[in-house]
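Topology and contacts: notes
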Amino acid sequence: MGLRHVKLYGYFRSSAAYRCRIAFNLKGVAPEYVPIHLRRGDQRAEDYLRLNPQGLVPALDIGGRVLTQSLAIIEWLDETHPEPALLPGDAANRADIRAFALAIAADIHPLNNLRVLKYLKAPLGHDQATIDAWYRHWVESGLAACEALVTKEGRRGPYCFGAEPSLADICLIPQLANARRVDSDLSACPTLLAIEAQCATLPAFADAAPEKQPDAE
Ligand SMILES: N[C@@H](CCC(=O)N[C@@H](CS)C(=O)NCC(=O)O)C(=O)O
């Protein structure tokens, strides 16, 4: 089902936009997709900065009003389209899901974002091997902690926190895709990899993959 007047600004390889694509697919609604070419620097163009002064994707134009930050966009979607719930369960379960999502979105992802990696190269002058080591370090240690979060109190699978995919799975799958791009060692994360295999069986996840997007290169 199309979502009239709603536009999602993203980039095929952006894991934050990928989170939003999965969430929209799970809800069965499709905003118009507007690609912003991050490698070319389109996120810093004046027109785009008017939409998102942070110069980051995603942004969601809901008709004259623009929402930013993937988790805020997904919570807006969950509140306006309650089924299926992306934050299911009781208050403690929802806190677990939010904590896992933030462990990725607030603690892992920002350290490996494009603008941070570019800054390490210039002006700081690090070579590509050092930058890749930085990336792998934060993603491997961060995901090992996420593995502990989903196993800490007796696991209720097959998804991160129960029988249905939630905001936690929505954040996990794009972060694993990022980790693979720099050949990270994921051997400390067998449960996360099993969750990934489970998510891959759902078209909502499979159709949101970077290589399936119209701007994929
Ligand atoms: N916390 C933000 C992160 C957004 C973000 O960092 N987006 C990246 C792509 S995944 C971006 O636009 N990077 C552009 C740049 O670094 O110049 C969110 O969840 O939406």
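Let us look at the structure shown here. Given the structure is predicted, the values throughout are model-derived calculations rather than measurements. (Residues numbered from 1 in each chain as written. Predicted model: local features only at pLDDT ≥ 70, side-chain atom pairs only at ≥ 80, totals over all residues. Heavy atoms only, no water.)

Let's talk about helix H5 (residues 114-121)
Within H5, the full set of buried residues consists of Leu114, Leu117 and Leu120. The buried side chains of H5 occupy one side of the element, clustering within an arc of 125° when seen end-on. Where H5 is buried, its residues touch helix H6 (128-151). (Buried < 20%, exposed > 50% of the residue type's maximum accessible area, 1.4 Å probe, protein only. Helix = DSSP H or I, 4+ residues; strand = E, 2+ residues; numbered from the N terminus. Arc of directions from axis to C-beta. Contact = heavy atoms within 4.5 Å.)

What to know about the packing of aromatic side chains
Enumeration over the complete set of coordinates arrives at 4 aromatic pairs. With 4.9 Å between their ring centres and 65° between their planes, Tyr11 and Phe12 make a pair best called edge-to-face. Of the two residues examined, Tyr11 and Phe12, each falls in the buried class. (Phe/Tyr/Trp six-rings, centres within 6.5 Å; stacked < 30°, edge-to-face > 60°.)

Considering the pattern of salt bridges
Applying the stated criterion across every chain yields a total of 8 salt bridges. Lys152 is paired through a salt bridge with Asp96; the nearest N and O atoms lie 3.7 Å apart. Of this pair, Lys152 sits in the loop between H6 and helix H7 (167-181) while Asp96 sits in helix H4 (residues 91-108); the two residues are 56 residues apart in sequence, bridging distant segments of the chain. A relative accessible area of 47% places Lys152 in the partly exposed class. With a shortest N-O distance of 2.7 Å, Arg180 and Glu196 are connected by a salt bridge. Residue Arg180 is found in helix H7, and its partner Glu196 is found in helix H8 (residues 190-199); the two are separated by 16 residues along the sequence. For Arg180, a relative accessible area of 41% translates into the label partly exposed. In the salt-bridge network here, residues are joined through shared partners; they are Glu46, Asp47 and Arg50. (Salt bridge = Lys/Arg side-chain N within 4 Å of Asp/Glu carboxyl O.)

What to know about helix H1 (residues 15-27)
Spanning 13 residues, H1 covers 19 Å between terminal C-alpha atoms, matching the ideal 18 Å at 1.5 Å per step. Within H1, burial applies to Ser15, Ala16, Ala17, Tyr18, Arg19, Cys20, Arg21, Ile22, Ala23, Phe24, Leu26 and Lys27. Looking at where H1 begins, the residue whose side-chain oxygen comes 3.4 Å from the main-chain nitrogen of Ala16 is Ser14. Once H1 ends, the next one or two residues include Gly28, with phi positive near 75°. (Expected span 1.5 Å × (residues − 1). Polar contact = N/O pair within 3.5 Å; in protein donor to acceptor, adjacent residues only side chain to side chain.)

Brief notes about the site of the ligand
In the neighbourhood of the ligand, 16 residues make up the surrounding shell, with Gln43, Val57, Gln69, Ser70 and Asn113 lying closest. Measuring from a nitrogen atom of the ligand, one finds a side-chain N or O atom of Gln69 at 2.7 Å. One of the backbone nitrogen or oxygen atoms of Arg115 is found 2.9 Å away from an oxygen atom of the ligand. Taken by itself the ligand offers 520 Å² of open surface, and the protein chains cover 92% of this. Here the ligand is seated within the largest pocket. At the level of secondary structure, the elements contributing two or more residues to the shell around the ligand comprise H1 and H5. No other element matches H1, which puts 3 residues into the shell around the ligand. Here the shell around the ligand is composed, by residue class, of 6 nonpolar, 7 polar and 3 charged. (Near = heavy atom within 4 Å. Areas by Shrake-Rupley, 256 points an atom, 1.4 Å probe, with all protein chains shown as cover. 1 Å grid on protein atoms, 1.4 Å probe; cavity = no way out; pocket = protein on both sides within 12 Å on 5 of 7 lines; lining within 4 Å. Sits in = over half its atoms within 2 Å of the grid points. Nonpolar A, V, L, I, M, F, W, Y, C, P; charged D, E, K, R; others polar.)

Topic: the packing of H6 against H8
Between H6 and H8, the least distance of the axes is 8 Å, while the angle of their chain directions is 80°. With respect to each other, H6 and H8 are oriented roughly perpendicular. Residues Leu143, Cys146, Glu147, Val150 and Thr151 of H6 form the contact with H8, whose participating residues are Pro190, Thr191, Leu192 and Ile195. Its residues placed into classes, the contact of H6 with H8 shows 6 nonpolar, 2 polar and 1 charged. (Axes fitted to C-alpha atoms, helices over the stretch in contact; angles between N-to-C directions. Parallel < 35°, antiparallel > 145°, perpendicular 65-115°, else oblique.)

Observations concerning the layout of surface pockets
Here the largest pocket is characterised by a volume of approximately 1000 Å³. If you go around the largest pocket, you meet 39 residues; those closest to its centre are His109, Asn112, Asn113, Leu114 and Arg115. Among the secondary structure elements, those contributing two or more residues to the lining of the largest pocket are H1, helix H3 (70-80), H5, H6 and H7. The biggest single contributor to the lining of the largest pocket is H5, with 6 residues. For the lining of the largest pocket, the class distribution of residues is 16 nonpolar, 14 polar and 9 charged. Of the pockets and cavities examined, the second largest pocket occupies roughly 240 Å³. (Points joined across faces, edges and corners; volume = space filled by probe spheres on them.)

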